[in-house]
Amino acid sequence: MAPTNVGYSFKEAISHFFRNWTTSLGAVITIFLSLFIIGLFIMGSAMLNSVIGTVEDQVVINAFISDDADQADVQAFEAELKTWNNVKSVTYKDKDDALAEYTSKMSGNADATMSALDGQNPLPASFAIEMDDPSKVESTAQKLKKNADFQKIADDGDVNASVLYGQEEVSRLFQVTNYIRIAAVVLVGLLTFIAFIFINNTIRLSITARRREIAIMRLVGASNGFIRGPFITEGVLQAILGSLLSIGVLELLRNLMIPRLQESIGWMSFALPMQYYLVTYAALILVGVIIGLFGSAIAMRRYLRV
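All of these numbers come straight from a predicted model, not from anything done at the bench. (Residues numbered from 1 in each chain as written. Predicted model: local features only at pLDDT ≥ 70, side-chain atom pairs only at ≥ 80, totals over all residues. Heavy atoms only, no water.)

**Q** For the overall build of the protein chain, give the residues involved together with the corresponding values.
**A** If you tally the helices and strands in the protein chain, you get 12 helices and 4 strands. Looking at the 306 residues of the protein chain, the share that counts as buried comes to 39%. Partitioning the intrachain contacts of the protein chain with sequence separation of at least 6 by distance along the chain shows that 84% fall at a separation of at least 24. Of the roughly 17200 Å² of accessible surface on the protein chain, a fraction of 62% belongs to carbon and sulfur atoms. (Helix = DSSP H or I, 4+ residues; strand = E, 2+ residues; numbered from the N terminus. Buried < 20%, exposed > 50% of the residue type's maximum accessible area, 1.4 Å probe, protein only. Contact = heavy atoms within 4.5 Å. Areas by Shrake-Rupley, 256 points an atom, 1.4 Å probe, with all protein chains shown as cover.)

Structural data, given as structure tokens:
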């Protein structure tokens, strides 16, 4: 589109938009619904990923320590453990801490439990190890079991029994979360493709409804670029309006729903950085404009063939 034709194209696009407002409104609504569904699914996938991350972050390795272990060896190993790759934090729990934690979980049975123990504390001290990447829990646990310094202080000298992290449950957890992440990417891609087809067909119908107008312009000698300009501009205008409408509704839902979800399920994190939303909204506008641009251009080719 030549620069001198931009003003004319924009003016004609606005005129066409209001003159054929029912067709234009249909295109805008189609674009809005398509981009809204895509945006909703992208944001939902991101929130689900955040929730999955919250669950994964709760994966902790518990390394139990023998009652007979030398305290100097325990402290030395703790210092060494904190230098390991993938170790985010190490919390030492002595026997008293372990007993206090156990009795707190027993709620109403705490007194009976303490009475049954008769002043004895059978629980070992331990390290609670949190990881930077919980998905690597298996390799970190194996490294721990093979460590000679830990073998010296392991409870009952049995490293396999002294390193616990819910092996089977953790394995299933990461398997499921990986499937969910892959499915989310595939579905977003599929929705985008469907939206492109749907929006393209809507724009094509809009242009087809004005095929007589295009034919007249060709008869009076208008160039293809001159004819194409207003229609492409109108397609982009419809796409921008549809994408802005979808962003407005998504932002409204975000402000209404997320605080309520967070309040009702406090242990899960649904929070996403504002930059993520801004990037998502910008991407929706860009996708809408691209679809509007190419949809109009492709639809116009049929009527501009010599």
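**Q** Before we move on, could you go through helix 6 (residues 137-146) and cite the residues and values that matter?
**A** Each full turn of the α-helix corresponds to 3.6 residues, which orients residues three or four apart in the same direction. Taken together, the buried positions of helix 6 are occupied by Val-137, Thr-140, Ala-141, Leu-144 and Lys-145. End-on view of helix 6: buried residues confined to an arc of 140 degrees, all on one side of the axis. (Arc of directions from axis to C-beta.)

**Q** So what's going on with the sheet that holds strand 3 (residues 125-131)? Which residues, and what values?
**A** By way of backbone hydrogen bonds, the strands of a sheet pair with one another, either parallel or antiparallel. Judged by pairing direction, the sheet is antiparallel, and its 4 strands sit side by side in the order 2-3-1-4 without closing on themselves. What marks the edges here is a single partner per strand, and that holds for strand 2 (87-93) and strand 4 (163-164). Of the pairings in the sheet, the one linking strand 1 (residues 60-65) to strand 3 comprises 6 bridges and is antiparallel in character. Bridging across to strand 3, Ala-63 finds its partner in Phe-127. Packed on one face of the sheet, helix 3 (residues 71-81) meets strand 1, strand 2 and strand 3 and runs near 160 degrees to strand 2. Set on the sheet, helix 6 makes contact with strand 1, strand 3 and strand 4; between it and strand 1 the angle comes to about 15 degrees. (Pairing = 2+ DSSP bridges. Axes fitted to C-alpha atoms, helices over the stretch in contact; angles between N-to-C directions.)

**Q** Requested: an account of the environment of Leu-123, with residues and values cited.
**A** Looking at where Leu-123 falls in the secondary structure, it is placed in the loop between helix 5 (110-117) and strand 3. For Leu-123, a relative accessible area of 25% puts it in the partly exposed group. Sequence separation between Leu-123 and Asp-67 is 56 residues; the distance between their C-alpha atoms is 9.0 Å. Beyond its immediate sequence surroundings of up to four residues, Leu-123 is in contact with Lys-95, Ala-98, Leu-99 and Tyr-102.

**Q** How would you explain the nonpolar core if you had to name every residue and give the values?
**A** Within the largest apolar cluster, 24 residues are counted, with the highest numbers of intra-cluster contacts made by Ile-61, Phe-127, Leu-144 and Phe-150. Sorting the residues of this core by element identifies strand 1, helix 3, strand 2, strand 3, helix 6 and helix 7 (148-153) as the ones contributing at least two each. When residues of this core are assigned to their parent elements, the largest contribution, 4 residues, is made by strand 3. Not counting the four nearest positions on each side in its chain, Phe-127 is found in contact with Ile-61, Asn-62, Ala-63, Ile-65, Val-74, Phe-77, Glu-78, Leu-81, Val-90, Thr-91, Tyr-92 and Ile-153. Ranked by size, the runner-up nonpolar core spans 16 residues in total, among them Ile-31, Ile-38, Ile-247 and Leu-250. (Core = buried A, V, L, I, M, F, W, Y, C linked by side-chain atoms within 4.5 Å.)

**Q** Report on the side chain of Arg-254, specifying residues and quantitative values.
**A** As for its position among the elements, Arg-254 is in helix 11 (residues 224-264). The exposure class of Arg-254 is buried, given its relative accessible area of 17%. Polar side-chain contacts of Arg-254 include one of 2.6 Å to the side chain of Glu-251. In contact with Arg-254, other than residues within four places in its own chain, are Met-43, Pro-259, Met-274, Tyr-277 and Tyr-281. (Polar contact = N/O pair within 3.5 Å; in protein donor to acceptor, adjacent residues only side chain to side chain.)

**Q** Provide a residue-level description of helix 11, including the pertinent values.
**A** Between its first and last C-alpha atoms helix 11 spans 58 Å; for 41 residues at 1.5 Å apiece the expected length is 60 Å, and the two agree. Maximum bend of helix 11: about 30 degrees, positioned at Arg-254. (Expected span 1.5 Å × (residues − 1). Bend = angle between axes of the 7 residues up to and from the residue.)

**Q** Just give me the short version of the packing of aromatic side chains, but keep the residues and values in it.
**A** Taken as a whole and assessed by the stated rule, the structure comprises 7 aromatic pairs. An angle of 90 degrees between the planes, with centres 6.1 Å apart, marks the rings of Phe-77 and Trp-84 as edge-to-face. For the residue pair Phe-77 and Trp-84, the accessibility class agrees, reading buried in each case. Ring centres 5.6 Å apart and planes at 35 degrees place the aromatic pair Phe-77 and Phe-150 in the tilted group. A residue pair is termed long-range when its members are at least 10 positions apart, and Phe-77 in helix 3 and Phe-150 in helix 7 qualify at 73 residues. You can call Phe-150 buried: its relative accessible area is 0%. Each member of the aromatic cluster is reached from another via a ring pair, and the members are Phe-77, Trp-84, Tyr-92, Phe-127 and Phe-150. (Phe/Tyr/Trp six-rings, centres within 6.5 Å; stacked < 30°, edge-to-face > 60°.)

**Q** Please provide a residue-by-residue account of the pattern of salt bridges, values included.
**A** For the coordinates displayed, the defined rule picks out 3 salt bridges. Between Asp-67 and Lys-95 there is a salt bridge, and its shortest N-O distance comes to 3.3 Å. Residue Asp-67 is located in the loop between strand 1 and helix 3, and its partner Lys-95 is located in helix 4 (residues 95-105); the two are separated by 28 residues in the primary sequence. On the accessibility criterion, Asp-67 (48% relative accessible area) is partly exposed. The exposure class assigned to Lys-95 is partly exposed, which follows from its relative accessible area of 24%. Note that Glu-78 is salt-bridged to Lys-82, the shortest N-O span being 3.6 Å. With relative accessibility at 17%, the residue Glu-78 sits in the buried group. (Salt bridge = Lys/Arg side-chain N within 4 Å of Asp/Glu carboxyl O.)

**Q** Outline the environment of Lys-136, listing residues and values.
**A** Its location among the elements puts Lys-136 in the loop between strand 3 and helix 6. Take Lys-136: its relative accessible area is 46%, and that puts it in the partly exposed class. Note: C-alpha distance between Lys-136 and Asn-86 (50 residues apart in sequence) is 7.8 Å.

Without other data, these values stay purely geometric and don't point to any function.
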